[in-house]
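Architecture at a glance
If you want the building blocks of each chain, they are given just below.
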Amino acid sequence: MVSVTKKREYTGEYPDKTLYLPGPTEVRDDVIEAMAEPMFGHRMDRMTDLYTTIVEDTKEFLDTDNDVIVLTASGTEFWEATTLNLVDDGRVLCPTSGAFSERQANVTERLGKDVERIEYDWGEAVKPEDVRATLESDAAAYDAVTVVMNETSTGVRNPIEAIGDVVAEYPDTYFVVDAISALGGDYVDIEAHGIDAIFTSVQKAFAMPPGLAVCVVSDAAYEREVETDDSSWYGGFRRCLDYYDRKGQTHSTPAIPLMLAYRKQMKHMLEETHAARDERHREMAEYTRDWAREHFDLYAEDGYESRTVTCIENTRGIDVSGAIATVSEEYDMVFSNGYGDIGEETLRIGHMGEHTVESVRTLTDAIEDVADL
Ligand SMILES: Cc1ncc(COP(=O)(O)O)c(C=O)c1O
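Counting restarts for each chain: residues are numbered from 1 in the order of the written sequence. Two thresholds apply to this predicted model, a pLDDT of at least 70 for residue-level local features and 80 or more for giving and counting side-chain atom pairs, whereas whole-chain, interface and lining totals are computed over all residues. With hydrogens and water set aside, each side-chain value is computed from the structure's full complement of heavy atoms.

Turning our eyes to something else, we now look at the site of the ligand. Taken together, 13 residues lie near the ligand, and Ser74, Thr76, Thr152, Ser201 and Lys204 sit nearest. One nitrogen or oxygen atom from the side chain of Thr76 is found 2.5 Å from an oxygen atom belonging to the ligand. Gln203 is positioned with one of its side-chain polar atoms (N or O) 2.9 Å from an oxygen atom of the ligand. Here the shell around the ligand is composed, by residue class, of four nonpolar, seven polar and two charged. Summary of the distance rule: residues count as near a molecule or strand when at least one heavy atom falls within 4 Å of that molecule or strand. Whenever a nitrogen or oxygen atom comes within 3.5 Å of another N or O atom, the pair is scored as a polar contact, on the condition that within protein one atom can donate a hydrogen and the other can accept it, and that pairs from neighbouring residues in sequence are kept only if both atoms are in side chains. Asp, Glu, Lys and Arg are counted as charged, while Ala, Val, Leu, Ile, Met, Phe, Trp, Tyr, Cys and Pro are counted as nonpolar; the rest, among them Gly, fall into the polar class.

The following block contains the structure:
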């Protein structure tokens, strides 16, 4: 292979930038500092204290009695693991409405599974009635339905509660939710809507350093785990959860410093409460939407706008990458352009994690200044 990438020495001399990306996002100083502890072994009692604390605190924060796995991986791992664990010979229904749901459908196909898509235009939301119509057409055919709760590429929040209620009418079909850019900033009642597996990456609305993924697993999904050599080893629900039951630890060596950071941040999140965190995210989303409507337009279908990421349609034809570069250089704040093909057509503001309406306003003021709005 001919590599065109040249080494660019990491100098350590970079100005701090405030992150308004759709993840990673800002992390509190004491959470960063929590990682700087002398190392300990992953089979020591101290590890059991740490891991059982973060697992049980996560259940409390997410308001669920379902099992929780915290795994050293990015959330993408659970696209693979949920597919391998829950899908046997049956089909997988993957509604696609943006980059991440399309990628999830592709990953599912790569794993050799039979995927049926419901294709929406980017910016549209997945509709429960379409899921119902497809399931009704051949109820026995589907092992799983997978939905991305928050399409980070389009700023659409899909109605997973209503979709979950539809899937729950089909007890042999498992409901899998990618909540990677939502959980922690957008509350969902997991059990009430029959969600069998829902997962996130901690660098998004949990506001932690990247490197851990969290998956909440229903009893039915645990029982279901496909009993073949095809189920996931690393992300196997049984392997992870049985190890937790026996030892209160993880099956292989975890990123211990990240788990120390997790412990610290989850305490902050519990202190704030999920209700208050949800409300703060609602306020930030409303502020950002109002600002976007005043100066541009929203990319997301009306009524389905995200709580954590606003995707703004560049109706004024501003130079998006130029504005991002100037805001970064002059204000030390970073926001995002559109995803993939809609890079210049849209801009995205991540208002998640530790941000507030005031901090988001600082960014929108800077954009107004730079783009002459
Ligand atoms: C909806 C969604 N799914 C999956 C991913 C991939 O997450 P990770 O990079 O943490 O594996 C992302 C990342 O932005 C996302 O927004």
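Next up on the list: the sheet that holds strand 14 (residues 336-337). Backbone hydrogen bonds hold the strands of a sheet together, and the pairing may be parallel or antiparallel. Across the sheet, four strands lie side by side as 11-12-15-14; this open sheet has antiparallel pairing. Edge strands, defined here as strands with exactly one partner in the open sheet, are strand 11 (297-298) and strand 14. The sheet contact formed by strand 12 (residues 309-313) and strand 15 (residues 346-350) spans five bridges and is antiparallel. In the sheet register, Cys311 faces strand 15, and the bridge partner there is Arg348. Here, a strand pair is defined by DSSP locating no fewer than two bridges between the strands. Working definition: helices are DSSP H or I runs of at least four residues, strands are E runs of at least two. Numbering for both runs from the N terminus.

This brings us to the side chain of His295. With respect to the secondary-structure elements, His295 resides in helix 10 (residues 274-295). A polar atom in the side chain of His295 sits 3.4 Å from the side chain of Glu368. Any pair of residues with heavy atoms lying within 4.5 Å of one another is described as a contacting pair. Setting aside its immediate chain neighbours within four residues, His295 contacts Thr315, Arg316, Glu368 and Leu373.

Attention now moves to unusual backbone geometry. Residue Gly23 is joined to Pro24 through a cis peptide bond whose omega torsion reads -5°. Unusually for a residue other than glycine, Asp332 sits at a positive phi of about 55°. According to the relative accessible area criterion, Asp332 is partly exposed, its value standing at 29%. Although it is not a glycine, Asp372 sits at a positive phi angle of roughly 60°. The buried label goes to any residue with under 20% of its type's maximum accessible area, the exposed label to any with over 50%, and the partly exposed label to all in between, with areas taken from a 1.4 Å probe on protein chains only.

For the rest of this paragraph, the subject is the packing of helix 5 (residues 128-137) against helix 6 (residues 160-167). All axes here are fitted lines through C-alpha atoms, helices being fitted over the stretch that makes contact, and every angle between N-to-C directions spans 0 to 180 degrees. Where helix 5 meets helix 6, the axes come as close as 9 Å, and the angle between the chain directions of the two elements is 20°. Considering the angle they form, helix 5 stands roughly parallel to helix 6. Helix-helix and strand crossings are classified by hand; for helix 5 and helix 6 the assignment is right-handed. Contacts from Pro128, Val131, Arg132 and Leu135 of helix 5 reach helix 6 at Ala162, Ile163, Val166 and Val167. Split into classes, the residues belonging to the contact of helix 5 with helix 6 amount to seven nonpolar, no polar and one charged. Any angle between 65 and 115 degrees counts as roughly perpendicular, while under 35 counts as roughly parallel, over 145 as roughly antiparallel, and the rest as oblique. Here a crossing is called left-handed whenever its near helix is offset anticlockwise from the far helix by less than a right angle, and right-handed whenever the offset is clockwise.

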